[in-house]
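Chain by chain, the residues:
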Amino acid sequence: MSKRDHFFRHIQEGYTTKGDFITMGAAMLDGETITNAHVKIPLKTLNRHGLIAGATGTGKSKTLQVLSENLSDKGVPVLLMDIKGDLSGIAQPGEEKPFITDRHQKIGLEYEIKKFPVELLTLSEEKGSRLRATVSEFGPVLLSRILDLSDVQSGILSVLFKYCDDHHLPLLDLNDLKKILQFSTNEGKVELEQEYGRISSASTGAILRKIVEIEHQGGDLFFGERSFEPDDLLRKDENGNGYINIIRLTDIQDRPKMFSTFMLCLLAEIYATFPEQGDSDKPKLVIFIEEAHLIFNEASKALHNQIEAIVKLIRSKGVGIFFVTQNPTDVPEAVLSQLGLKVQHALRAFTAKDRKAIKLSAENYPISEYYKTDEVLTKLGIGEALISALNEKGIPTPLAATMLRAPMSRMDILEPFEIDTLVQESQLVKKYNETIDRESAYELLNQKIERAEAEDAKEKARKEREAVKKSTTTRPQRRQTTTRRRTTQNPITKVLSSPTVIRSILGILGKMLK
């Protein structure tokens, strides 16, 4: 048996599945595509998470597109991040071209053009259904980790959440959170100290500055109502195809704090609300996080630990998470060790640091008698990748350098009028793009402050009236006393002014004049 035949059997046996699967392409040996040596990913293992990595321009986005299309085709909804803006074309059918036909002939697959149901979502002012969450839904623990607060500051935040719960003050947006922080060290200082202990104004000031940072990156658009319900990610169209939910993030590449805040909130909400599913024939939802380094580079240690915990636990909910990034080293080792499917596109070795990174990346893959992994990584062409997956028993499949199939949908962006049509036809836009500004902590605390000020004003006015009344009752008595004092004559004056004394004095004066 030739080396080629032996390799063909090696791939066929390694990628045989009993259940449903996704065909990624055909395995390659010594740079040649082995027709019909199909690399198949069991559908039931796609909740074991995965990685799509490779240098810029090697085809990561097209691999993401192929996986999303095939998952949708199998009835599995998808959520993906579109940071570069080149994934919206999934909503329109592709175009058959000679190089695509030639590629599929080598693979041994018939090429099909097809469009898929797409829902556009947005965190900002982009067109699409708005994604929001309330401050209360985050809770003090998760919010503290996102804001990277100290233990003391986290404790204060927990106290303020407790105060709002006890006094029925809904925390919906960042204005509510800022208002309760200001209230705690001003008008409500005495009340809060009596109930929960002293709150440092220096600590609340530090928390406020962290909130302003989130607000500056677009948090004021994200926090609020109506909150997005994760169940709306699980929709299917009339043909049973899962919706591909595309979050348009082209305008928040320079706001990584906002991006990581949203992702962690979404994963936490999905984990909290989805029921346990365990191992099943296919996942309930698959999430692709493009430019994953934006999450991990900006995350604190506490946030890293939170992400790692969710990645480990969310699998039982039937949810798979795929990280898309340039280098596997962008993903923490604790997370990388949890990933079942690895699709590694070419890496470029321009520096000594690059060569070290390639050697480290090669060690993440099973040893193969057919490949020198570190060498293959630098020789892969566009649309080619090293693939290692898990079979249905959870055992790693043979390493396969793979010629990947082409996407069935458009490999380009949608035109503005096509985006407008999608948005107009969307049921979620009608549901979530209405801004709701109901009475919350901001308004209720303002009312409380106004009532307290009104009561203070009334009390001040009452005291002033009493003072005036008191002064008006004492002043007439003084005048009467003065009058009496003026009308009561001195005894000497009274004697001298009597008629008898006057007549005597006049008589004496008359005698003297004679």
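Residues numbered from 1 in each chain as written. Predicted model: local features only at pLDDT ≥ 70, side-chain atom pairs only at ≥ 80, totals over all residues. Heavy atoms only, no water.

(A) Highlighting the sheet that holds strand 6 (residues 129–130). Strand order in the open sheet made by the 12 strands is 2-1-12-11-10-3-9-8-4-7-5-6, with mixed pairing throughout. Lying at the two open borders of the sheet, with one neighbouring strand each, are strand 2 (32–42) and strand 6. As defined by bridge partners, strand 1 (residues 21–29) adjoins strand 2 across seven bridges and the pair is classed as antiparallel. In the sheet register, F21 faces strand 2, and the bridge partner there is P42. Against the sheet, helix 3 (residues 98–107) touches strand 1, strand 2 and strand 12 (400–404), its axis set at about 80° to strand 2. (Pairing = 2+ DSSP bridges. Helix = DSSP H or I, 4+ residues; strand = E, 2+ residues; numbered from the N terminus. Contact = heavy atoms within 4.5 Å. Axes fitted to C-alpha atoms, helices over the stretch in contact; angles between N-to-C directions.)

(B) Highlighting the pairing of strand 3 (residues 50–53). In strand 3, alternate side chains face the same way, and those of G50 and I52 on one face and L51 and A53 on the other are all buried. Across four bridges, the pairing between strand 3 and strand 9 (residues 319–325) is parallel. When the sheet's bridge partners are listed, L51 is paired in strand 9 with F323. Bridge analysis of strand 3 against strand 10 (residues 341–344) gives four bridges, and the strand direction is parallel. The residue bridging G50 from the neighbouring strand is L341, located in strand 10. (Buried < 20%, exposed > 50% of the residue type's maximum accessible area, 1.4 Å probe, protein only.)

(C) Quick look at unusual backbone geometry. The omega angle of the peptide bond from E225 to R226 is 10°, so this bond is cis rather than trans. Although it is not a glycine, D30 adopts a positive phi angle of roughly 55°. Phi is positive for N36, which is not a glycine, with a value near 70°. Mapped onto the fold, N36 is located in strand 2.

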